[in-house]
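Coordinate inspection notes
The residues making up each chain are set out below.
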Amino acid sequence: MVVRFKLQEPKLRGFSPSSPFSVNSKGHHVHEILRLLGGTINVHDKFLGKDIVLNADYSRKISPKRSAKPEKIVELLYQPDEQITLEDYTKFLTKTAGSNKEFFGRIRQELVHLLVCCKSDSHAEAFLHLYRILEHMSLAFPVLYSKYQSDFKASHAFHKSLFKGERDSDFVALKVFTSVLANSANLSDMPFCFDYSIFEKKYADACIKELKSRLSPEFQALIDDTTYQLTVPFILVPGLIIEVRNKTFHFMNEDNNFHICETGGAHFLFSPITNEALHWFFHMFAEMIRALSRDHIQYAR
């Protein structure tokens, strides 16, 4: 397997985290993913022979200081009343170092490519990696669902739905799991703003026109064409990602699918989507790790 990008420790203000909070052989995939989303890890591009600073903070709680201290991740993951310490979190990482290593390693690999694409403004390619991450994460949803659902009948119905062989069945699971997770963590109505006002007016107009013409009525109603923003609650973001995917990579039915060239190109349509979806993904992944780690920590105590 070709590995193009190697993680690098920025050594911010002279601080270099120790194992398992650093990178590569001194890191843990779960912690590396959280740090990548927080903008505190750089990469070296072996193909181009250059270093790339990945300092975009998709948690929106770490920058501008880019704190690589593990205490910051613990602070982001857990509420103060949970009284979960850095020692608890460290035990979770070390005890699960070999568990699902390939699963989290694949997410980290795709995420690195995604972030590098965003850094170079290759947002259509970035969206492809985002889609692949969410599809891969669906492997974990059956196990995670049981941690949130105490109703045996509801749990059975969820697992049964995974074997119907329907189109996008993995994303059906994503929608269901997102709903359960959002209700548990009080995230359902958290707004995510896909902002096209960042572009020159003619491009913003073209993108909003395309979204209002092609998206389903559910999302059309969430578009404000005076501010050039599409504001979507947490619980509906997976549906938006699925719809954008379907309307982008299919063109047989022209009336229903995006005319990307009419927006000025894929960059204009995808840039607000990938950037805001990464913020959404941070919350999704963080809550997933909370669910997994709480069990380990409570058992260890």
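Quick look at the structure, then.

Calculation rules
Residues numbered from 1 in each chain as written. Predicted model: local features only at pLDDT ≥ 70, side-chain atom pairs only at ≥ 80, totals over all residues. Heavy atoms only, no water. Axes fitted to C-alpha atoms, helices over the stretch in contact; angles between N-to-C directions. Helix = DSSP H or I, 4+ residues; strand = E, 2+ residues; numbered from the N terminus. Parallel < 35°, antiparallel > 145°, perpendicular 65-115°, else oblique. Left-handed = near helix turned anticlockwise from the far one by under 90°. Contact = heavy atoms within 4.5 Å. Nonpolar A, V, L, I, M, F, W, Y, C, P; charged D, E, K, R; others polar. Salt bridge = Lys/Arg side-chain N within 4 Å of Asp/Glu carboxyl O. Buried < 20%, exposed > 50% of the residue type's maximum accessible area, 1.4 Å probe, protein only. Pairing = 2+ DSSP bridges. Polar contact = N/O pair within 3.5 Å; in protein donor to acceptor, adjacent residues only side chain to side chain.

Interhelical geometry of helix H4 (residues 101-119) versus helix H5 (residues 123-137) gives an angle of 165° and a closest axis separation of 8 Å. Compared by their axis directions, H4 and H5 come out roughly antiparallel. Considering the relative orientation of H4 and H5, their crossing is left-handed. Where H4 abuts H5, its residues Phe103, Arg106, Ile107, Glu110, Leu111, His113, Leu114, Cys117 and Cys118 lie against His123, Glu125, Ala126, His129, Leu130, Arg132, Ile133, His136 and Met137. Residue composition of the contact of H4 with H5, by class: 10 nonpolar, 4 polar and 4 charged.

As enumerated under the stated definition, the model contains 11 salt bridges in all. With a closest N to O distance of 2.6 Å, Arg60 and Glu276 form a salt bridge. You can see Arg60 sitting in the loop between strand E3 (50-52) and helix H2 (70-77) and its partner Glu276 sitting in helix H12 (residues 266-300), a full 216 residues away along the chain. Of the residues examined, Glu276 reaches a relative accessible area of 7% and is grouped as buried.

Take His136: it is sitting in helix H5. For the pair His136 and Arg106, spaced 30 residues apart in the sequence, the C-alpha separation amounts to 8.2 Å. Setting aside residues up to four positions removed in sequence, His136 forms contacts with Phe103, Arg106 and Ile107.

Here we have 3 strands laid out as an open sheet, ordered E1-E2-E3, and antiparallel in their pairing. If you trace the sheet from one side to the other, it starts and ends with strand E1 (5-8) and E3, each paired once. Pairwise comparison of adjacent strand axes, ignoring direction, gives a mean angle of 30° for this sheet. Where E1 and strand E2 (residues 42-45) come together, 4 bridges link them in antiparallel fashion. Bridging from a neighbouring strand, Gln8 pairs with Asn42 of E2. Relative to the sheet, H4 contacts E1, E2 and E3, its axis offset from that of E1 by approximately 90°.

On to the side chain of Arg290. Mapped onto the fold, Arg290 is located in helix H12. Residue Arg290 is classed as buried on the basis of its relative accessible area, which comes to 14%. Looking at Arg290, its side chain comes within polar contact range of the side chain of Glu287, at 2.7 Å. Not counting residues within four places of it along the chain, the set of residues in contact with Arg290 comprises Leu76, Leu77 and Tyr78.

Strand order in this open sheet of 3 strands is E4-E6-E5, and the pairing throughout is antiparallel. The open sheet has two edge strands with one neighbour each: strand E4 (191-195) and strand E5 (223-224).

Purely geometric stuff here, so don't read any function into it on its own.
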